[in-house]
Amino acid sequence: MDLVAFAPGRVNLLGEHTDYNDGLCLPFAIARGVTVRARPSPDGMTHVESLTLRERDEFDPGAPAPAPADGWRAFARGVVAELRAAGHTLPPAMLEISSDLPAGVGLSSSAALEVALALALLALTGELEPDRRWLAHLCSRVENEWVGAHTGLLDQLATLFGEEHAATLIDFRTGAIARVPMELDGWTLATIDSGASRSLAGSGYNDRRRECKTAAELLGVSSLRDASLTDIVGLPEPLNRRVRHVITENARVRTATEALHARDLTKLGDLLDASHTSLRDDFEVSVPEVERTVARVHAAGARGARLLGGGFGGSVLALFGPDTEPPSDAVSATPGPGAGLR
Ligand code: GLA
């Protein structure tokens, strides 16, 4: 019988580009995600099929390390290599991937794919599921070293720790993860595709990471979590604005957490708007298609809207009040359970 693992995509309510700066994020897992069906392979090779893309891959899982590959093929090869490097003995497998999560729209399809593959492969070994923080790190290495995007840990933790009716407050300095109840009281959170697709590998994402690292070095702090608004006065352009985004975004995550506890959705909308302004003007990760989409959803009555995820394209997250009908292309996003075997 096939083993089935599912990992959801995520919406990050607040806290963009803070994860790799030891900061705070407030994501939730959504209903859409990636499913991997797995069973032992009869011929000693690992076979991977993407039902969504109608493409296949095959490699020898026992080779010293599977050869790197481009595109979606990098994921299974990377997960197998990293699990083996961590000491797991993986049987050759037949893996079938399907997804109802679009790629390149800022909903974290990459992390969902890594996590679903890892859970399915580990289930085939019959071992107990490993610690989920450890697994998030392993999947993040796949992303960094096999896929080529130097992303932080947000997406992997979001899919692994998601819960129904709640967002997940993550403190990347301490590793603390806390459940924040999310009662929307008739309001709607929705994502709207801007039409500008992007892949984080090769985008300005890696440049922003480098800028944050340089700024921290200039400030003499181990991460931007320790920077303060008074510090940025001495920094050159645009590093001063990059740091200002990180500091103010961490503060917005704290305020959003309080707003969710207080069920103050008007406040949440204001925070989404403020985050967008900061991501556009200070962190400079917006693009014209995203700006047009933000303007369009505001014209349609959104009470707050911002670019979602790493930026440089992708989706917009918008909040609509109880009396407003979201535009027809808006897809409602509600918190669903985290990754697991199905
Ligand atoms: C992408 C990355 C995350 C995070 C966000 C921005 O989703 O994968 O690690 O940095 O961008 O918040």
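Our structure's up above, just so we're on the same page.
Please read all numbers here as calculations on a predicted model, not as lab measurements.

Basis of the calculations
Residues numbered from 1 in each chain as written. Predicted model: local features only at pLDDT ≥ 70, side-chain atom pairs only at ≥ 80, totals over all residues. Heavy atoms only, no water. Near = heavy atom within 4 Å. Polar contact = N/O pair within 3.5 Å; in protein donor to acceptor, adjacent residues only side chain to side chain. Areas by Shrake-Rupley, 256 points an atom, 1.4 Å probe, with all protein chains shown as cover. Nonpolar A, V, L, I, M, F, W, Y, C, P; charged D, E, K, R; others polar. Phe/Tyr/Trp six-rings, centres within 6.5 Å; stacked < 30°, edge-to-face > 60°. Helix = DSSP H or I, 4+ residues; strand = E, 2+ residues; numbered from the N terminus. Buried < 20%, exposed > 50% of the residue type's maximum accessible area, 1.4 Å probe, protein only. Axes fitted to C-alpha atoms, helices over the stretch in contact; angles between N-to-C directions. Parallel < 35°, antiparallel > 145°, perpendicular 65-115°, else oblique. Contact = heavy atoms within 4.5 Å. Left-handed = near helix turned anticlockwise from the far one by under 90°. Expected span 1.5 Å × (residues − 1). Pairing = 2+ DSSP bridges. Salt bridge = Lys/Arg side-chain N within 4 Å of Asp/Glu carboxyl O.

A short note on the site of the ligand
As a matter of local geometry, the ligand sits amid 14 residues, with Glu-16, His-17, Asp-19, Asp-155 and Tyr-205 nearest to it. Within the backbone of Gly-152, one N or O atom sits 2.9 Å away from an oxygen atom of the ligand. Gly-310 is positioned such that a nitrogen or oxygen atom in its backbone is 3.3 Å from an oxygen atom of the ligand. Burial of the ligand by the surrounding chains reaches 99%, relative to a free accessible area of 310 Å². Among the residues making up the shell around the ligand, the classes are represented as 4 nonpolar, 6 polar and 4 charged.

Topic: the packing of aromatic side chains
The final tally for this structure, using the stated rule, is 1 aromatic pair. Taken together, a centroid distance of 5.7 Å and an interplanar angle of 65 degrees make the contact between Tyr-20 and Tyr-205 edge-to-face. Taken together, the residues span a long stretch of sequence, with Tyr-20 in the loop between strand E1 (3-14) and strand E2 (24-40) and Tyr-205 in helix H5 (residues 205-219) at a distance of 185 residues. Here Tyr-20 and Tyr-205 have matching classes, each one buried.

Section: the packing of H5 against helix H6 (residues 239-261)
At their nearest, the axes of H5 and H6 sit 9 Å apart, and the two run at 95 degrees to each other. It follows from the interaxial angle that H5 and H6 lie roughly perpendicular. From H5, Arg-208, Glu-211, Cys-212, Thr-214, Ala-215, Leu-218 and Leu-219 reach across to H6, where they touch Leu-239, Arg-242, Val-243 and Val-246. Partitioning the contact of H5 with H6 into residue classes produces 7 nonpolar, 1 polar and 3 charged.

Digging into the packing of helix H3 (residues 132-147) against helix H4 (residues 154-161)
How two helices pack is summed up by the angle between their axes together with the distance between the axes. At their nearest, the axes of H3 and H4 sit 9 Å apart, and the two run at 140 degrees to each other. Our classification of the angle between H3 and H4 gives oblique. Helix-helix and strand crossings are classified by hand; for H3 and H4 the assignment is right-handed. Between H3 and H4, the contacting residues are Arg-132, Arg-133, Leu-135, Ala-136, Cys-139, Ser-140 and Glu-143 on the first element and Gln-156, Leu-157, Leu-160 and Phe-161 on the second. Its residues assigned to classes, the contact of H3 with H4 shows 6 nonpolar, 2 polar and 3 charged.

A closer look at helix H1 (residues 73-85)
Its 13 residues place the ends of H1 19 Å apart at the C-alpha level, agreeing with the 18 Å of an ideal helix rising 1.5 Å per residue. Of all the 13 residues making up H1, 10 are buried; the element is thus mostly covered by neighbouring parts of the structure. For H1, the full list of buried residues reads Ala-74, Phe-75, Ala-76, Arg-77, Gly-78, Val-79, Val-80, Ala-81, Glu-82 and Leu-83. Those residues of H1 that are buried lie in contact with strand E3 (46-50), strand E4 (55-59), helix H2 (109-125) and H3. Once H1 ends, the next one or two residues include Gly-87, with phi positive near 100 degrees.

Section: the pairing of strand E6 (residues 166-171)
Judged by how many residues are buried, E6 sits mostly within the fold: 5 of 6 residues are covered. Note that E6 and strand E7 (residues 177-181) share 5 bridges and pair antiparallel. Bridge pairing links Thr-168 to Arg-179 in E7.

Considering the pattern of salt bridges
With the rule as written, the count across this model stands at 27 salt bridges. The shortest N-O distance in the salt bridge between Asp-22 and Arg-173 comes to 3.6 Å. With a gap of 151 residues between them, Asp-22 in the loop between E1 and E2 and Arg-173 in the loop between E6 and E7 connect regions that are remote in the sequence. On the accessibility criterion, Asp-22 (24% relative accessible area) is partly exposed. Judged by its relative accessible area of 36%, Arg-173 falls in the partly exposed class.

Focus on the side chain of Ser-315
Locating Ser-315 in the fold gives a position in strand E10 (residues 315-320). Given the relative accessible area of 3%, Ser-315 is considered buried. Looking at Ser-315, its side chain comes within polar contact range of the main-chain oxygen of Val-105, at 2.7 Å. Excluding residues that lie within four positions of it along the chain, Ser-315 makes contacts with Val-105, Thr-191, Ile-192, Asp-193, Ser-194, Arg-306, Leu-307 and Leu-308.

As for the sheet that holds strand E11 (residues 331-332)
Here we have 4 strands laid out as an open sheet, ordered E9-E10-E8-E11, and antiparallel in their pairing. Edge strands, defined here as strands with exactly one partner in the open sheet, are strand E9 (304-307) and E11. With 6 bridges connecting them, strand E8 (residues 188-193) and E10 associate as antiparallel partners. Along E10, the bridge assignment pairs Ile-192 with Val-316. Those strands touched by helix H7 (residues 265-282) are E8, E9 and E10, and its axis lies near 35 degrees from that of E9. Helix H8 (residues 288-299) contacts E8, E9 and E10 of the sheet and is inclined by roughly 15 degrees relative to E10.

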